[in-house]
Amino acid sequence: MRYLPKSPADREAMLKSIGLRSVDDLFAPIPAEYRLTRDLDIPRQMAESEIVDFFRQRSRENGDGYTSFLGAGAYSHYRPVIIESLISRGEFLTAYTPYQAEISQGTLQSIFEFQTMICELTGMEVANASMYDGSTAAAEAVMMAVRLTGRRSVVVARSLHPEYREVLATYATHQGMPLSTANFGDDGRVNLKELEKLITPETACVLIQSPNFFGTIEDAGAIAEIAHKHGAMLVVSIAEAVSLGIVEPPRQADVIAMEAQSFGVPLGFGGPYCGVIATREKYVRQMPGRLVGQTVDKQGKRGFVLTLATREQHIRREKATSNICTNQALVALMVNIFMTVYGKVGLRELAKQNLAKTTYAAGQFAKHGKVLFSATPRFNEFVVQTSEDPYAINGRLLGHKMVGGLPLKKFYPELGNAALWCCTELTTRTAIDTAVGLVAESERSVRSSKEEDVAEVTR
Amino acid sequence: MAYPTDRKYTKEHEWIQVNGTTGTIGITDHAQQSLGDIVFVETPKVGAELTAGKPFGTVESVKAVSDLFAPASGSVTEVNADLATSPENVNKDAHGSWMVKITLKNTSELDRLLSAADYEKFVAEEAGH
Amino acid sequence: MKHITRKATRHVNQNEGLIFEKSSAGKAAWKLPPLDVPEVDTAKLLGASERKDLGNMPEVSEIEIIRHFTRMSTWNYAIDLGMYPLGSCTMKYNPRVNEAVARVEGIANGHPYQPEKISQGALHIIKTLSEQLIEITGMDAITMQPAAGAHGEMTGLLMVRAYHQSKGNARKKILIPDSAHGTNPATAAMVNYAVENLKSDSRGMVDIAALEAQMNEDVAALMLTNPNTLGVFEQQIHKIADILHAKGGLLYMDGANMNALVGKVRPGDFGVDVMHLNLHKTFSTPHGGGGPGSGPVAVKKALEPFLPAPVVITHADGTLGFDYNRPQTVGRVRAFYGNFGMFVRALAYIQANGPDGLRQTTEDAVLNANYIRKGLEGTYDLPYSTPTMHEVVFSDKLQLKKGVRTMDIAKRLIDYGFHPYTTAFPLIVPGALMIEPTESESKEEMDLFVEAMKSIAEEVEEDPQTVLDAPHSTRVSRLDETAAARKPVLRWKPGN
């Protein structure tokens, strides 16, 4: 019980001072029939060394040492070492929400800088201190548009991350928010004609992702124009934050819902990540989540406080903009440090490397399989269509300690044998060449066996 | 605090001043005092319909939100735009800082409201609790 | 300062501007490796989508970043510095082995979509933690997907709704005691249930007669925090559950205060149908300045079909995997599987404690709260004399006579080297001082706390202005929150 700072004598003395004889007296308020009279059925106390061993063993069973081409909303970028050094400081790690501003200026100022950098990168005017992740940020952004427009229905791009769409559906079900889905065209982007047909006078907003789930960059300007023409808002989800270094942000959007995991947050098997909502100043009172504002103290010294708290659950209760309370503060700090490290020039150079690797990889794959939507500008993901089932291809790649692209059959059966591949600055040319070689090999064997089949039939 | 006798009051601490069929609505000095520093006033848009006794907007201080209740029914003809940028005016002069003007639907609703003297008595009683 | 402050002294505290004020063109804290593929023409590839400028993003060197954040960190109070008795927040010690194991390569860097075959480690962690949380709560099944307590509440109520829907009537409202956390009513609204308040009785517990009167077939569930926000165990919990169940309603438990129960009593045994846990409270994952958290939701068998998809299952060959085929699921509440990094930390915490450690932890948490209650009774008004579990709620009634409120006392506590308690909550106690010491405080630290609180009470009598002007020892004095809200400045701009 190494975390408990009391000796048996301390406990005795404390009980005595309270006027109790035993610890059981403390639990007298709990009806006796419910009190647990046995040990919980969980393993005995483990030494620190045993705990470390346990998790090292789990680590070995968890893809340690594999080269991966997976993206799809979770990206592998290099994390500068100082992120861990700084977030491990107890003053950041073990502090609560900065409600007591006088002794929370560290957290508050860092959030203020975070909000500023998110605004700079997204082209928006205000940003909140974080949401759970990109999927819930998108759902909350849509609900914000519903409140702002007084309309209820939502048009969602099918090129939005499928799991984000599922989350939105969950949130929307009981809010009386009908959803309709706008398909993508042959260019891998939202089909604008179909989109416009889906928008009605009841449409609160159009929700798209850019770069979208396939990595292609949507024409946010054209979509904004269509939405605005019908009095609807445009909400844009950005799942790959590094794209902001080289891809123009959707400045025409009314709300941007981001996943900032790419900025220095470990993949961590899917979480914790860092959602953010950014929007126009005039919409700030309908924005959910915490906000930090600048002010002065009694001596006129600059300081920071949580502000516009009346939007939040602890004050407005059932009329709050959202029920969100705990957010992702420490993860937002990782994002903050990452943005500070790369800054104005580094982010662009980093994004450029991602683009270069992806362009090279897509070019190599195109020699052996079909790269879909290849005429449309993209960032760091692309869809490869093969003759063979991508699960089979990936099975072969696994043997070489490689994880191939994400098979899309589950989400987009109409694309057939397609997989979503991702390259970042960490993907080496050697890895790309090896993966392309393995895919090419399997494609050749599938084709030749098909030729044999054909030959047999003709014979 | 002497409450102006040229208007009527609600138990929710709004006042309404009537001129023909136009009603001008705000909150009382007592209300602004108990709210503290007002940071935001949310008013309905011109054309919105108010129903007597129902909420039509909110006033916010740093750590509290209070609904505004309509003293009478009617449609909004004008909104005090100054309050959007200077909500502190309500603290400075509550009885001079109107929030919305409405065209009254049914002037008989006003009979149910309190006079200045009755309102003052009501506030004193409330404080006694 | 008249009174000697044994815990705190002043020390060097450096100034530090905003990072943007340090920026100048040409400084850099990054270096990319040489490109091993051909350079690309970004204009040609991206056309009109190419971004040309990153605005006012900073340009600084590594040493400046280290100093920037390190200096700012010294302006924060933290559990690592001392007692953090925020009621309802369970600010306990965050063990460092949790942090170490969460950073082991395969755990920190697993991709959520990597094949199951090479995800067995992560799945094993999720499954083991799930089973242990089920044992701890006495429930039957669990989802780990929700990212925080409030997110868990939403998930729980979605399941409540789906359960009633499956019986043909989703019902209309949720009963919520007046002592509840603000998230409870906000959550009910998010799943389109009306909120009906339930008043507390003179002992601070659910008023059984009121519950009986308000309970009918329109009520989907009662959301109950137990122990409640007064730190009081609902002694009639069985009766509450019976009243609900008799009319087909469900009992939802907000597990925010689970630190008073672990190893001593299980919600599943006293009639709870669905509950959420806060891994960042009870199970020691760090609060990190506001998050991340994790809010698993545990349910009884009847609600299992409605759990969010996917759930972890064991395949026929003994390997673990995800089951997406859940026809009655309420759907997904977030992408991927939840805040996995927090699962790792919570599991490490349970492992370090074992059954005896968890029980001792709960006992110490309750002992500490009662010790503080004993120490401050008489000095501060105790509005409810009902026995205290893990937290104790006083009021500022005695100090208000001198014009001093709970927030003033809280601010003065900072000068004595402590983080304030929770102020002005629960709402049923005007001027509340809500104190939750957790098990992590030694007798010595609590003696210092009691001494500080008594000293402040004396100051209120002799020199209230000192308390009203507090804090006096922080780098900034009380900040103008009104100005911040009236003319919000929510980002830095050049020239500001």
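Just so it is clear, the structure is predicted and the values come from calculations on it, not from any experiment. The written sequence of each chain sets the order in which its residues are numbered from 1. Chains carry letters and ligands carry numbers; both start at the beginning, A for chains and 1 for ligands, and go up in the order they are written. Totals for whole chains, interfaces and linings use all residues, but because this is a predicted model, local features are given only for residues with pLDDT of at least 70 and pairs of side-chain atoms are given and counted only at 80 or more.

(A) Focus on the nonpolar core. Residues and elements named next belong to chain A. In this description, a nonpolar core means buried residues of the types Ala, Val, Leu, Ile, Met, Phe, Trp, Tyr and Cys, linked to one another by C-beta atoms lying within 7 Å. To sort residues by burial, count the other C-beta atoms lying within 10 Å of each one's C-beta; a count of 20 or more means buried, 12 or fewer means exposed, and anything in between means partly exposed. C-beta atoms are built from the backbone. Membership of the largest hydrophobic core comes to 342 residues, with the highest contact counts inside it found for V142, C205 and V235. In this description a helix means any DSSP run of H or I spanning at least four residues, a strand means any run of E spanning at least two, and both kinds are numbered starting from the N terminus. Per-element accounting of this core gives the leading share, 21 residues, to helix α12 (residues 329-366). Note on contacts: each residue gets a C-beta atom placed from the backbone, and two residues are in contact if those atoms are within 7 Å. Discounting residues that sit within four places of it in the chain, V142 has contacts with V154, L168, C205, L207 and V235.

(B) View of unusual backbone geometry. Cis rather than trans, the peptide bond between A:S210 and A:P211 has omega equal to -10 degrees. Within the secondary structure layout, A:P211 lies in the loop between β5 (203-209) and α10 (220-229). Following C:G291, the chain continues into C:P292 via a peptide bond in cis, with omega recorded as 5 degrees. Note on placement: C:P292 falls in the loop between β6 (274-276) and β7 (297-299). Of note in the backbone geometry, A:F269 takes a positive phi value of approximately 55 degrees without being a glycine. Assignment of secondary structure puts A:F269 in the loop between β7 (255-259) and β8 (275-279). Even without a glycine there, the phi angle at C:T90 is positive, about 50 degrees.

(C) Highlighting the interface of chain C and chain B. Contacts between chain C and chain B engage 4 residues on the former and 5 residues on the latter. Side-chain classes follow a simple rule in which Ala, Val, Leu, Ile, Met, Phe, Trp, Tyr, Cys and Pro form the nonpolar group, Asp, Glu, Lys and Arg form the charged group, and the remainder, Gly included, forms the polar group. Counted by class, the side of chain C that touches chain B contains 1 nonpolar, 1 polar and 2 charged residues.

(D) Fine view of the interface of chain C and chain A. Every contact between the two is made by 173 residues of chain C and, on the other side, 162 residues of chain A. Broken down by class, the residue content of the side of chain C that touches chain A amounts to 91 nonpolar, 52 polar and 30 charged.

(E) Quick peek at the environment of C:G17. Residue and element names in this part refer to chain C. Mapped onto the elements of the fold, G17 is located in the segment before α1 (42-46). By the C-beta count within 10 Å, which is 11 here, G17 ends up exposed. Sequence separation between G17 and D36 is 19 residues; the distance between their C-alpha atoms is 39 Å.

(F) Spotlight on the domain arrangement of chain C. All names here are of chain C. Boundaries between domains were set according to an automatic or database domain assignment. Each domain of chain C was delimited in the assignment, giving domain 1 (98-350) and domain 2 (362-482). The C-alpha-based centres of domain 1 and domain 2 are spaced at 31 Å. Each partner contributes residues to the interface: domain 1 has 18 residues there, and domain 2 has 17 residues. Residues of the side of domain 1 that touches domain 2, tallied by class, amount to 7 nonpolar, 8 polar and 3 charged.

(G) Structural detail: the sheet that holds strand β11 (residues 370-371) of chain A. All names here are of chain A. In spatial order, the strands read β11-β12-β15-β14; together these 4 strands make up an open sheet with antiparallel pairing. In this open sheet, the two strands that pair with only one neighbour each are β11 and β14 (406-407). By this definition, two strands are paired if DSSP reports at least two bridges between them. Across 2 bridges, the pairing between β14 and strand β15 (residues 418-422) is antiparallel. Across the sheet, residue P407 finds its bridge partner in β15, namely A419.

(H) Representation of the sheet that holds β7(C) in the model. All names here are of chain C. Spatially, β1-β7-β6-β5-β4-β2-β3 is the arrangement adopted by the 7 strands of the open sheet, whose pairing is mixed. Pairing within the sheet leaves two strands with one partner each, and these edge strands are β1 (141-143) and β3 (194-198). Recorded for the sheet is a direction-independent mean angle of 25 degrees between the axes of neighbouring strands. The pairing of strand β2 (residues 173-177) with strand β4 (residues 219-225) spans 3 bridges and is parallel. With axes taken as lines fitted to C-alpha atoms, and helix axes fitted only over the stretch in contact, angles between N-to-C directions fall between 0 and 180 degrees.

(I) Spatial organisation of the packing of helix α3 (residues 48-60) of chain A against helix α5 (residues 120-137) of chain C. Close contact between α3(A) and α5(C) brings their axes to 6 Å; oriented N to C, the two are set at 135 degrees. With respect to α5(C), the element α3(A) is oriented oblique. Residue-level contacts link A:R58, A:S59 and A:R60 of α3(A) to C:G121, C:H124 and C:I125 of α5(C). In terms of residue class, the contact of α3(A) with α5(C) is made up of 1 nonpolar, 3 polar and 2 charged. Should an angle lie under 35 degrees it is considered roughly parallel, over 145 roughly antiparallel, and from 65 to 115 roughly perpendicular; all remaining angles are considered oblique.

(J) How the structure looks around the confidence of the model for chain B. Overall, the predicted model of chain B reaches an average pLDDT of 92, with 98% of residues at or above 70. Within chain B, the element-level pLDDT minimum falls on helix α4 (residues 116-128) of chain B, averaging 87, and the maximum on strand β1 (residues 8-9) of chain B, averaging 96. pLDDT measures how confident the predictor is about each residue, on a scale from 0 to 100.

(K) Looking closely at the pairing of strand β10 (residues 302-306) of chain A. Residue and element names in this part refer to chain A. Summarising burial for β10: 4 of the 5 residues are buried, a large majority. Inspection of the sheet shows strand β9 (residues 292-296) paired to β10 by 5 bridges, in the antiparallel sense. Note on β10: the bridge partner recorded for G293 is V305. Between the end of β9 and the start of β10, which pair antiparallel, lie 5 residues, with G300 showing a positive phi angle near 85 degrees.

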